[in-house]
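This is what each chain is made of:
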Amino acid sequence: AEESLERHFEHTIERDQRIEPRDWMPDAYRATMVRQIAQHAHSEIIGMQPEGDWITRAPSLRRKAILLAKVQDEAGHGLYLYSATETLGVDRADLTTRLIERRQKYSSIFNYPTLSYADVGVIGWLVDGAAICNQVPLCRSSYGPYARAMIRICKEESFHQRQGYELLLTMMRGTDAQRAMVQDAVDRWWWPSLMMFGPPDADSPNTAQSMAWKIKRHTNDELRQRFVDMTVPQAEALGVTLPDPDLRWNPDRGHYDFGPIDWDEFKRVLRGDGPCNAERVARRRRAHEEGAWVREAAAAHAAKRRDS
Ligand code: ACO
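Described below are features of the structure shown in this document. (Residues numbered from 1 in each chain as written. Predicted model: local features only at pLDDT ≥ 70, side-chain atom pairs only at ≥ 80, totals over all residues. Heavy atoms only, no water.)

**Quick word on empty space enclosed by the protein**
Within the structure shown, the criterion is met by 1 cavity of 30 Å³ or more. Roughly 30 Å³ of volume is contained in the largest cavity. Contributing to the lining of the largest cavity are Arg63, Ile66, Leu67, Tyr117, Val120, Gln163 and Leu167. Within the residue set of the lining of the largest cavity, elements represented by two or more residues are helix H4 (61-86) and helix H7 (144-172). Broken down by class, the residue content of the lining of the largest cavity amounts to 5 nonpolar, 1 polar and 1 charged. (1 Å grid on protein atoms, 1.4 Å probe; cavity = no way out; pocket = protein on both sides within 12 Å on 5 of 7 lines; lining within 4 Å. Points joined across faces, edges and corners; volume = space filled by probe spheres on them. Helix = DSSP H or I, 4+ residues; strand = E, 2+ residues; numbered from the N terminus. Nonpolar A, V, L, I, M, F, W, Y, C, P; charged D, E, K, R; others polar.)

Structure (structure tokens):
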């Protein structure tokens, strides 16, 4: 019976159909999906912090309303993705514990500080731009609940990207000091944005199997290149310089060449030694502890209703 279930799973993947929660799936497929979706959910939740730091300091009511809405969207994406993870038989409380005990990862990018308001624009433009590049193909991921969640999330991410670009355009049309703030933010976020796509293909332990299972549709390096090609003309339109002397169009490849990425820095951040890792996790832990009474009250309320 196991063999025919396995054949059914393989056929479903081959025919580009979706694996659904009640379907049989190999343990390793389930574990990979839990790993990837949980990491993605944690990234959305931790990702609220760097931008959230600017909500009380936004330069106008309009900017504050936009930023509030965006950070709320991220909370929604996180909850949506935790729900998708629960279809695989895990519990979100357990996933939160794994995050605050640092047993599960979240995106490296959220371990960098937001030093000026221009960072809010650059996160929208580059970080959400990179996120879209990575996530649009995930709408065709083989696991149904994840692929469907990605459709809505990508729509909201495109709006986030546009608001970032519009913010930067406004600043670039402002004073010299504002233009300098934008350039400084671009200089700090460019390389970490390229690292979001993960290690080079040759050093990516999960890519081959995830491609075979059609969880991933492109490799890390393919998506990184797509992001560079898409972003260079946008930087030109904006009037900022991307901090890479080796960045130039290669007519033979039909792509932009770019300089070497500092993978030691990436590994340091993944180990927990990035500029803000400790702060981000500590804050998440504090928020979780301070929310204990709400969870207890909700559970007590549910129990009372059940018993009455
Ligand atoms: N930050 C933190 N960890 C990373 C990153 C990164 N930028 N890139 C790779 N890793 C981790 C992987 O999770 C993996 O560790 P694990 O095996 O302990 O889980 C290890 O580095 C090796 O990487 P890969 O073998 O390439 O891993 P994978 O095939 O999972 O590819 C990728 C990584 C591309 C991030 C994939 O998991 C993915 O597409 N995830 C969904 C998108 C996502 O999580 N986005 C979050 C940021 S965007 C946002 O929230 C706005």
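Moving on from the model shown.
**Things to note about helix H10 (residues 220-238)**
Compared with the 27 Å implied by 1.5 Å per residue over 19 residues, the 27 Å span of H10 between its first and last C-alpha is a close match. Looking only at H10, the buried set comprises Asn220, Leu223, Arg224, Gln225, Phe227, Val228, Asp229, Thr231, Val232, Ala235 and Leu238. Residues of H10 that are buried make contact with helix H6 (118-135), H7, helix H8 (176-195), helix H9 (207-212), strand S2 (255-257) and helix H11 (263-273). Gly239 sits one or two positions beyond H10 and adopts a positive phi of about 90 degrees. (Expected span 1.5 Å × (residues − 1). Buried < 20%, exposed > 50% of the residue type's maximum accessible area, 1.4 Å probe, protein only. Contact = heavy atoms within 4.5 Å.)

**Topic: the site of the ligand**
Around the ligand, a shell composed of 30 residues is seen, among which Gln39, Lys105, Ser204, Lys216 and Asn220 lie nearest. Between the ligand and Gln39, the relevant distance is 2.6 Å, taken from an oxygen atom to a side-chain nitrogen or oxygen of the residue. Residue Met196 places a main-chain N or O atom 3.3 Å away from a nitrogen atom belonging to the ligand. A total of 960 Å² of accessible area belongs to the ligand in isolation, and the protein chains cover 90% of it. Taken atom by atom, the bulk of the ligand overlaps the largest pocket. Every element with two or more residues in the shell around the ligand is listed here: helix H2 (27-46), H6, H7 and H11. Top element by residues in the shell around the ligand is H2. It accounts for 6 residues. Looking at side-chain class alone, the shell around the ligand contains 12 nonpolar, 13 polar and 5 charged residues. (Near = heavy atom within 4 Å. Polar contact = N/O pair within 3.5 Å; in protein donor to acceptor, adjacent residues only side chain to side chain. Areas by Shrake-Rupley, 256 points an atom, 1.4 Å probe, with all protein chains shown as cover. Sits in = over half its atoms within 2 Å of the grid points.)

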